[in-house]
Amino acid sequence: MTVGIVGLGYVGLPLAVAFAEEGVEVVGVDVDARKVEALRARRSYVEDVADRRVAAASERIHATTRYAELARVEAIMIAVPTPLTANREPDLGPLVDATRSLAGVLQHGQLVVLESTTYPGTTRERLVPLLEESGLAAGSEFHLAFSPERVDPGRTDHTLRSTPKVVGGLTNRCLERAVALYETVCDEIVTVSGPEAAELSKLLENIFRSVNIALVNELAMLADRMDIDIWEVVDAAATKPFGFMRFEPGPGMGGHCLPVDPFYLAWKAREYDMATEFIELAGKVNKQMPYFCLEKIERALNDAGKPVRGARVLLVGVSYKAGVGDLREAPALKIVELLVARGADVAYHDPHVPELPQFGLRSTELGGECDLAVIVTAHPGVDHGAVVEHSPSVLDLRGTTRALRDAKVRQL
Ligand SMILES: NC(=O)c1ccc[n+]([C@@H]2O[C@H](COP(=O)([O-])OP(=O)(O)OC[C@H]3O[C@@H](n4cnc5c(N)ncnc54)[C@H](O)[C@@H]3O)[C@@H](O)[C@H]2O)c1
């Protein structure tokens with residue numbers, strides 16, 4: 001079998017490697033020539049995919065910027081970005097571009113599967129007409145399905161193989177072909193009635209997380225005013241063996257998915273005279289968190305008799321989540337921006353992020369002088385005990401130093 005993957009990013013590259021590892025020939029297409037060059041040099045640029053895996057799979061992965069090379073594959077998976085515009089509306093630009101280019105080379109009998117997260121209806125309403133510009137009819141002359149990607153950067157306990165894969169086809173035959181495709185790399189395939197159910201299932205997963213994170217963040221702000229330890233409350237509630245799922249408060253939501261995807265649905269819902277209030281409210285609460293963190297920083301400095309201007313503030317961990325260097329929508333960036341605007345002398349330490357060029361900052365070693373250390377993202381391997389030991393005052397936004405019970409540490 002030969003498959004094609006369009007978009008070789010966080011989603012597309014692991015997928016390409018997984019197919020290649022099963023002996024499948026892969027044609028990977030990306031508009032970013034640097035990614036194509038890296039793969040040709042057998043180098044990975046995605047943290048979760050080790051260089052040695054790319055090197056071992058490289059004989060079977062043919063990376064290119066040319067869509068024409070997709071003409072010889074049996075199935076094509078699309079994993080291009082689905083961001084928001086400046087007005088926070090779905091930006092299908094990359095997806096439309098990729099689909100148009102694909103239509104130019106589409107062959108009779110090929111299967112196309114969209115993996116990018118998007119609103120229900122995208123596959124049928126947008127991809128079908130674009131792909132049919134090829135002169136081929138969807139559902140009969142080529143097959144089409146939607147299957148959401150569930151990759152969670154940094155996670156090692158669940159892999160592409162062990163995570164059930166949801167698939168919805170335009171027709172029964174489309175579904176059958178998509179199931180056969182993914183059976184190569186996934187142990188369990190979950191079929192649904194059509195692309196719309198598959199599209200919405202991915203959004204439900206992301207909105208579920210966004211809403212629950214917002215709920216616990218709102219309670220964290222209230223608990224702070226009431227002088228109740230939110231972490232103690234979460235620990236206590238989480239002892240309930242049913243009907244509760246643990247979510248932890250934090251500095252806000254980051255990554256490419258949670259701050260973006262729910263708004264695809266909010267936008268589509270307006271077409272149906274619906275306002276998706278949970279989505280908007282969760283977005284609002286989570287966006288407020290960096291400002292709340294700033295207030296806690298100001299209070300911590302105030303208690304030490306220091307204004308923010310001129311205070312040396314060390315941020316520990318700036319990527320959006322532990323164990324990865326991904327900075328997309330990272331709340332730490334907002335916190336740095338707010339601190340810099342108030343004249344603070346900001347430094348940061350993050351083993352996954354060597355520099356923040358937009359602020360002219362490079363990661364510093366731990367142990368330097370500071371007035372306040374703020375643990376924003378608790379990476380494994382960082383000695384947070386040493387951070388506490390060497391800093392006059394600490395604000396821990398992740399609850400990672402709670403067990404130390406050190407009086408100079410404040411928790412979120
Ligand atoms: N990153 C995640 O954790 C994750 C998880 C689940 C779902 N998703 C979804 O998967 C999709 C892809 O996300 P990602 O994180 O891999 O993005 P990414 O930015 O890492 O990768 C996308 C790739 O597509 C390429 N591209 C853009 N336009 C193209 C075009 N016209 N033709 C060919 N290539 C093109 C880009 O150069 C880039 O390399 C998004 O819809 C995202 O919401 C991402």
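### Concerning the site of the ligand
Argument step 1. Around the ligand, the structure places 29 residues, and the nearest of them are V11, D30, K35, Y67 and T82.
Argument step 2. One of the side-chain nitrogen or oxygen atoms of Y67 is found 2.6 Å away from a nitrogen atom of the ligand.
Argument step 3. When the free accessible area of the ligand is taken as 830 Å², the share hidden by the protein chains comes to 91%.
Argument step 4. Considering every element that reaches the shell around the ligand, the biggest residue donor is helix α4 (residues 93-103), with three residues.
Argument step 5. Classifying every residue of the shell around the ligand gives 15 nonpolar, six polar and eight charged.

### Some details on the environment of L111
Argument step 1. Relative to the helices and strands, L111 is located in strand β5 (residues 111-114).
Argument step 2. When sequence neighbours within four positions are dropped, the list of residues in contact with L111 reads E74, A75, I76, H143, L144, C174, R177, A178 and L181.

### Regarding empty space enclosed by the protein
Over the atoms rolls a probe the size of a water molecule, and in doing so it shows where empty space is left.
Argument step 1. Inspection of the entire model under this criterion finds three cavities of 30 Å³ or more.
Argument step 2. By volume, the largest cavity amounts to about 50 Å³.
Argument step 3. In terms of lining residues, the largest cavity is bounded by L314, L366, G367, G368, C370, A386, V387, H390 and S391.
Argument step 4. Ranked by residues supplied to the lining of the largest cavity, first place goes to helix α12 (residues 384-390) with three residues.
Argument step 5. Considering only residue class, the lining of the largest cavity consists of five nonpolar, four polar and no charged.
Argument step 6. If you go around the second largest cavity, the residues you meet are Y10, V46, E47, D48, P153, V324 and D326.
Argument step 7. Tallied by class, the residues present in the lining of the second largest cavity amount to four nonpolar, no polar and three charged.

### Details of the nonpolar core
Argument step 1. I297, V313, L315, I335, L339, V374 and L397 are the most contacted members of the largest nonpolar core, which totals 46 residues.
Argument step 2. Elements with a minimum of two residues in this core: α7 (195-226), α8 (230-237), α10 (277-303), β9 (312-316), α11 (331-341), β10 (345-349) and β13 (372-375).
Argument step 3. Among the elements that take part in this core, α10 stands out by supplying nine residues, more than any other.
Argument step 4. Sequence-distant contacts of I335, that is, excluding residues within four places in its chain, are made with P251, P290, C293, I297, L315, V376 and L397.
Argument step 5. If you look at the next biggest cluster of nonpolar residues, it comprises 42 residues, including V73, L95, L106 and L131.

### Digging into the sheet that holds strand β4 (residues 75-78)
Argument step 1. The mixed open sheet is built from eight strands, whose spatial order is β3-β2-β1-β4-β5-β6-β7-β8. In this open sheet, the two strands that pair with only one neighbour each are β3 (61-64) and β8 (189-192). For this sheet, the mean inter-axis angle between neighbouring strands, taken without regard to orientation, is 25 degrees.
Argument step 2. Here β4 runs beside β5; their pairing, made up of four bridges, is parallel. Considered in β5, the bridge of A75 is made with L111.
Argument step 3. Contacting β6 (143-146), β7 (165-169) and β8, α7 runs over the sheet at an angle of about 150 degrees to β7.

### Concerning the sheet that holds strand β15 (residues 409-411)
Argument step 1. Taken in spatial order, the five strands make up an open sheet running β10-β9-β13-β14-β15, and their pairing is parallel. Edge positions in the open sheet fall to β10 and β15, since each of these has one partner strand only. Between one strand and the next, the sheet's axes are offset by a mean angle of 20 degrees, whatever the strand orientation.
Argument step 2. Along the sheet, α11 contacts β9 and β10; its crossing angle with β9, the most-contacted strand, is approximately 175 degrees.

### So, the packing of aromatic side chains
Argument step 1. Under the counting rule described, the total for this entry stands at three aromatic pairs.
Argument step 2. An angle of 45 degrees between the planes, with centres 5.1 Å apart, marks the rings of Y119 and W267 as tilted. Here Y119, found in the loop between β5 and α5 (122-132), pairs with W267, found in helix α9 (residues 262-270); they are 148 residues apart in sequence, far enough to count as distant.
Argument step 3. You can call Y119 buried: its relative accessible area is 3%.
Argument step 4. With 5.8 Å between their ring centres and 70 degrees between their planes, F208 and F247 make a pair best called edge-to-face. Highlighted residues: F208 in helix α7 and F247 in the loop between α8 and α9, separated in sequence by 39 residues.
Argument step 5. We classify F208 as partly exposed; its relative accessible area is 40%.
Argument step 6. On the basis of relative accessible area, F247 is assigned to the buried category, the value being 9%.
Argument step 7. Here the aromatic cluster, defined as three or more aromatic residues joined through ring pairs, consists of Y119, Y264 and W267.
Argument step 8. Of note, R88 hangs over the ring of F263, and the distance from its end group to the ring centre comes to 5.0 Å.
Argument step 9. Over the aromatic face of Y182 sits the side chain of K165, whose NZ or CZ is 4.7 Å from the ring centroid.

Thresholds applied
- Residues numbered from 1 in each chain as written.
- Predicted model: local features only at pLDDT ≥ 70, side-chain atom pairs only at ≥ 80, totals over all residues.
- Heavy atoms only, no water.
- Near = heavy atom within 4 Å.
- Polar contact = N/O pair within 3.5 Å; in protein donor to acceptor, adjacent residues only side chain to side chain.
- Areas by Shrake-Rupley, 256 points an atom, 1.4 Å probe, with all protein chains shown as cover.
- Helix = DSSP H or I, 4+ residues; strand = E, 2+ residues; numbered from the N terminus.
- Nonpolar A, V, L, I, M, F, W, Y, C, P; charged D, E, K, R; others polar.
- Contact = heavy atoms within 4.5 Å.
- 1 Å grid on protein atoms, 1.4 Å probe; cavity = no way out; pocket = protein on both sides within 12 Å on 5 of 7 lines; lining within 4 Å.
- Points joined across faces, edges and corners; volume = space filled by probe spheres on them.
- Core = buried A, V, L, I, M, F, W, Y, C linked by side-chain atoms within 4.5 Å.
- Buried < 20%, exposed > 50% of the residue type's maximum accessible area, 1.4 Å probe, protein only.
- Pairing = 2+ DSSP bridges.
- Axes fitted to C-alpha atoms, helices over the stretch in contact; angles between N-to-C directions.
- Phe/Tyr/Trp six-rings, centres within 6.5 Å; stacked < 30°, edge-to-face > 60°.
- Lys NZ or Arg CZ within 6 Å of the ring centre and 35° of its normal.

Keep in mind that these numbers describe shape and distance, not what the molecule does.
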